[in-house]
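# Architecture at a glance
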Amino acid sequence: MTAPVLEVRNLVKTFAVKGAFGRGRGIVRAVDDVSFSIGAGEVFGLAGESGSGKSTIARMVMGLSQPDSGDILIDGQSILGRGTSLAHRQQVQMVFQNPGASLNPRRTVGQSIRVPLDAHNFAGDRRARVGELLEMAQLPAHFADRFPHELSGGQKQRVAIARALAVEPRLLVLDEPTSALDVSVQSHVIELLEDLVAQLGLTYLFISHDLSLMRNFAQRVGILYLGKIVETGPVAPVFTAPQHDYTRLLLASVPVISAEEEALRPTIPMIDGDIPTAEQLLALRELSQTKEFKT
Amino acid sequence: MTALLSVRNLDVSFTTYGRRTQVLRDVSIDVPEGAQIALVGESGSGKTVLMKTVMGILPQPPAKVEGGAILFDDRDLLTMPERDRLRLRGTAMSMVFQDPMSSLNPVFTIYDQLGTILKHADRRLGRQRGRRERWARVLEVLEQVRMREPERVARSFPMQLSGGMRQRILIAMALLSEPRLLIADEPGTALDVTTQAQILNLLRDLVTRQNLALLMITHNLGVVRETSTYTYVMNQGRIVEQAPTAEIFAAPREAYTRELIAAVPRLTGRAT
């Protein structure tokens, strides 16, 4: 068996924190012993709420920050210590959440897409390559002369995808790529991303808090809760028969639009407060053993 | 007509750099007393402009109300004297804003902010309420939004509270002067899904228990389904479809509504 495109082993990252007004301090284990791997052509989803560590994992995979311990391998090679080198960039690229902020407003679309080509000393005709990349993102080639403000949100995100594809990476890290978009636009961007997997054999690490989207786009999913993956597996069983209480709570919280989906949602009493603590989850588990609790 | 709020044939335009754009075209909606109504649309559909026009917080210019009427209790908000309108805003009709961080002042405690609002509302309505009664009323609404320690929360600064708690403060703010109509603009969308579920639960609970009318403005069809009994679908400044919420999902008539529903990813996965 060939090595997975991305393998993350026992990743740990901690941050020192201060309390309100500088009072009190402590250590937050933002990522706590996280392991997963993604095979070629696969879409692996990391789902979690704010503070779950999903963006911290993305940053480490991108080489933007270093883990305290653990290892990250791409095609079997550790990337630790390579930082943001060109060699690493050649393999992994990222598509950010807000295309309005991730594109330079003073550069034309063509200039933005050329940046990685120039940085990596692309050998061929760079102008032609820009046109080719726009076409891959299903945008007309003349968009190269436009500025970001002339484009809609969905078009901007297509430009960001074209730019990420410029150096022919193996792996794309998609950090909430459609959460700033309208739902009708979202479905088209997702279709594009799926087409690209089929055409180019890309592999995605897909980060999102949108469980319904996760169900449709990812093949396997890891549910992150306070820095730990509490449940992982192919999407169908995780969504139809969640094993962890937190997964159940997440699923129960999704607003849905049909009776079939409603039937799938576990019914659990809602907790008032924010991200539930371990004690609250434990309390949920006790509730789940009483008869009115549907599992 | 028995509707508490009735928007009739509203036309609103914006003029920027000498160019006039019509943003609301012949919009009519009704919110009966105690009803839960949703207004759904994508960005640019005009739903926020409609909400701002109703609340009277639309900047004019650049905006201009070209025609129509907004009846609240059968009185037209657009033609009544400004003094009367001020008396209604934040009292009989209030608003729950979307972004809990930018709607709270970071340098005042929660009590400072809620207390001030209450004081001004009382003054507008010509009510007398002493300091101690004001404190009691603030604690009462904090309890209504299920704050476990209302006294501690009242003395806190916004940054000491979590996102979900701040959103609940904004709901408490809207409830202070016992409104009859609550207009909610995408509450909870800035929050995590578990927190959003709590906020929607809380709103649902409050409107039924206090017999409030709720106008829920959102882009999320799931939120529409879970918080309303009647739905207006808005696209490009027009109401394109209106029906009981269950009907909208069971048998959408307009192509636009059908496309919108089809674009929503399902928790059950793709239909095969």
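Residues numbered from 1 in each chain as written. Chains lettered and ligands numbered in written order. Predicted model: local features only at pLDDT ≥ 70, side-chain atom pairs only at ≥ 80, totals over all residues.

The number of helices and strands found in chain A is twelve helices and ten strands. Taking contacts inside chain A between residues at least 6 apart in sequence as the whole, the part at least 24 apart equals 65%. (Helix = DSSP H or I, 4+ residues; strand = E, 2+ residues; numbered from the N terminus. Contact = placed C-beta atoms within 7 Å.)

Moving on, we come to the overall build of chain B. From N to C terminus, chain B includes ten helices and ten strands. Sorting the 272 residues of chain B into buried and exposed places 41% on the buried side. Contacts spanning at least 24 positions in sequence make up 67% of the contacts within chain B whose residues lie at least 6 apart. (Buried ≥ 20, exposed ≤ 12 C-beta atoms within 10 Å, placed from the backbone.)

All names here are of chain A. Along its sequence, chain A is organised into domain 1 (6-240) and domain 2 (241-295). Of the residues lining the interface, twelve residues belong to domain 1; the matching set on domain 2 comes to eleven residues. Those elements that provide at least two residues to the side of domain 1 that touches domain 2 are α8 (211-217), β9 (220-225), β10 (228-234) and α9 (235-240). Residue composition of the side of domain 1 that touches domain 2, grouped by class: seven nonpolar, three polar and two charged. (Domains from an automatic or database assignment. Nonpolar A, V, L, I, M, F, W, Y, C, P; charged D, E, K, R; others polar.)

Our next topic: the environment of B:T229. Residue and element names in this part refer to chain B. With respect to the helices and strands, T229 occurs in the loop between α8 (221-227) and β9 (230-235). Under the C-beta neighbour-count criterion, T229 is labelled exposed, with 12 such atoms within 10 Å. As for T229 and T245, which are separated by 16 residues in sequence, their C-alpha atoms are 5.1 Å apart. Contacts of T229, omitting those with residues within four sequence positions, involve A35, Q36, P244 and T245.

Extensive coverage of helix α10 (residues 245-253) of chain A is indicated by the burial of eight of its nine residues. For α10(A), the complete set of buried residues consists of A:D245, A:Y246, A:T247, A:R248, A:L249, A:L250, A:L251 and A:S253.

In this section: the sheet that holds strand β10 (residues 238-244) of chain B. All names here are of chain B. Read across the sheet, six strands follow the order β6-β7-β8-β3-β9-β10 without closing on themselves; strand pairing throughout is mixed. Each edge of the open sheet is held by one strand with a lone partner, namely β6 (93-96) and β10. Direction aside, neighbouring strands of the sheet carry axes that sit 20 degrees apart on average. Pairing analysis gives five bridges linking strand β3 (residues 36-40) to strand β8 (residues 213-218), with the strands arranged parallel. Considered in β8, the bridge of A38 is made with M216. Here helix α1 (residues 47-55) sits on the sheet in contact with β3, β6, β7 (181-185), β8 and β9, set at roughly 145 degrees to β7. Across the sheet, helix α6 (residues 163-175) lies against β6 and β7, angled at about 175 degrees from β6, the strand it touches most. (Pairing = 2+ DSSP bridges. Axes fitted to C-alpha atoms, helices over the stretch in contact; angles between N-to-C directions.)

Taken together, the contact between chain B and chain A spans 34 residues of the former and 29 residues of the latter. At the level of elements, α7 (193-209), α8 and α10 (255-263) of chain B are the ones that each hand at least two residues to the side of chain B that touches chain A. In terms of residue count, the dominant contributor to the side of chain B that touches chain A is α7(B) (seven residues). For the side of chain B that touches chain A, the per-class residue count stands at twelve nonpolar, 14 polar and eight charged.

This next bit is on the nonpolar core. Formed by 147 residues in total, the largest nonpolar core has its most connected members in A:V61, A:V173, A:L205 and B:A172. It is α6(B) that provides the largest number of residues to this core, a total of eight residues. When near neighbours in sequence (up to four residues on either side) are disregarded, A:V61 contacts A:L6, A:I72, A:V92, A:V173 and A:L205. (Core = buried A, V, L, I, M, F, W, Y, C linked by C-beta atoms within 7 Å.)

To continue, consider the environment of A:A30. Residues and elements named next belong to chain A. For A30, the location among the structural elements is in strand β2 (residues 25-38). Considering only alpha carbons, one finds A30 and V8, 22 residues apart in sequence, at a separation of 15 Å. Apart from the residues within four sequence positions on either side, A30 is in contact with K13, T14, F15, G53, T56 and G227.

Let us now look at α7(B). For α7(B), with 17 residues, the first-to-last C-alpha span of 24 Å sits near the 24 Å given by 1.5 Å per residue. Along α7(B), the residues classified as buried are B:V193, B:T194, B:T195, B:Q196, B:A197, B:Q198, B:I199, B:L200, B:L202 and B:L203. Of the surrounding secondary structure, the elements contacted by the buried residues of α7(B) are α10 of chain A together with α6, β7, β8 and α8 of chain B. Residue B:N211 follows α7(B) closely and has a positive phi angle near 55 degrees. (Expected span 1.5 Å × (residues − 1).)

Further remarks concern the pairing of strand β2 (residues 19-32) of chain B. Residue and element names in this part refer to chain B. With ten bridges joining them, strand β1 (residues 3-16) and β2 adopt antiparallel strand pairing. By the bridge assignment, T15 is partnered in β2 with R20. What sits between β1 and β2 in their antiparallel hairpin is a turn of two residues, with Y17 showing a positive phi close to 50 degrees.

Spatial strand order, β2-β1-β4-β5 (chain B): four strands in an open sheet with antiparallel pairing. Unpaired on one side and paired on the other, β2 and β5 (75-76) of chain B mark the two borders of the sheet.

Turning to the packing of helix α3 (residues 110-125) of chain B against helix α4 (residues 131-144) of chain B, a few remarks are in order. All names here are of chain B. Interhelical geometry of α3 versus α4 gives an angle of 115 degrees and a closest axis separation of 10 Å. What the angle tells us is that α3 and α4 run roughly perpendicular. Read as a crossing pair, α3 and α4 show a hand that is right-handed. Every residue of α4 that contacts α3 at Y111, L114, G115, L118 and K119 is listed here: R134, R137 and V138. Residues belonging to the contact of α3 with α4 are distributed by class as follows: four nonpolar, one polar and three charged. (Parallel < 35°, antiparallel > 145°, perpendicular 65-115°, else oblique. Left-handed = near helix turned anticlockwise from the far one by under 90°.)

The next thing to look at is unusual backbone geometry. Glycine aside, a negative phi is what most residues show, and trans is what most peptide bonds show. Residues and elements named next belong to chain B. Residue P61 follows Q60 across a cis peptide bond; omega there is -10 degrees. The residue P61 is located in the loop between α1 and β4 (63-72) in this model. With an omega of 5 degrees, the peptide bond between P61 and P62 qualifies as cis. By secondary structure assignment, the location of P62 is in the loop between α1 and β4. For D74, which is not a glycine, the phi torsion comes out positive at approximately 65 degrees. If you trace the backbone, D74 turns up in the loop between β4 and β5. The class of D74 is exposed, set by 10 C-beta atoms lying within 10 Å.

We now examine the packing of helix α4 (residues 109-119) of chain A against helix α6 (residues 153-165) of chain A. Residue and element names in this part refer to chain A. Two elements in contact, α4 and α6, have axes whose closest approach is 8 Å; the angle formed by their N-to-C orientations is 25 degrees. On the basis of the axis angle, α4 is roughly parallel to α6. Between α4 and α6 the crossing geometry is right-handed. Within the contact between the two elements, α4 uses V109, S112, I113 and P116 and α6 uses V159, A162 and R163. Tallied by class, residues from the contact of α4 with α6 come to five nonpolar, one polar and one charged.

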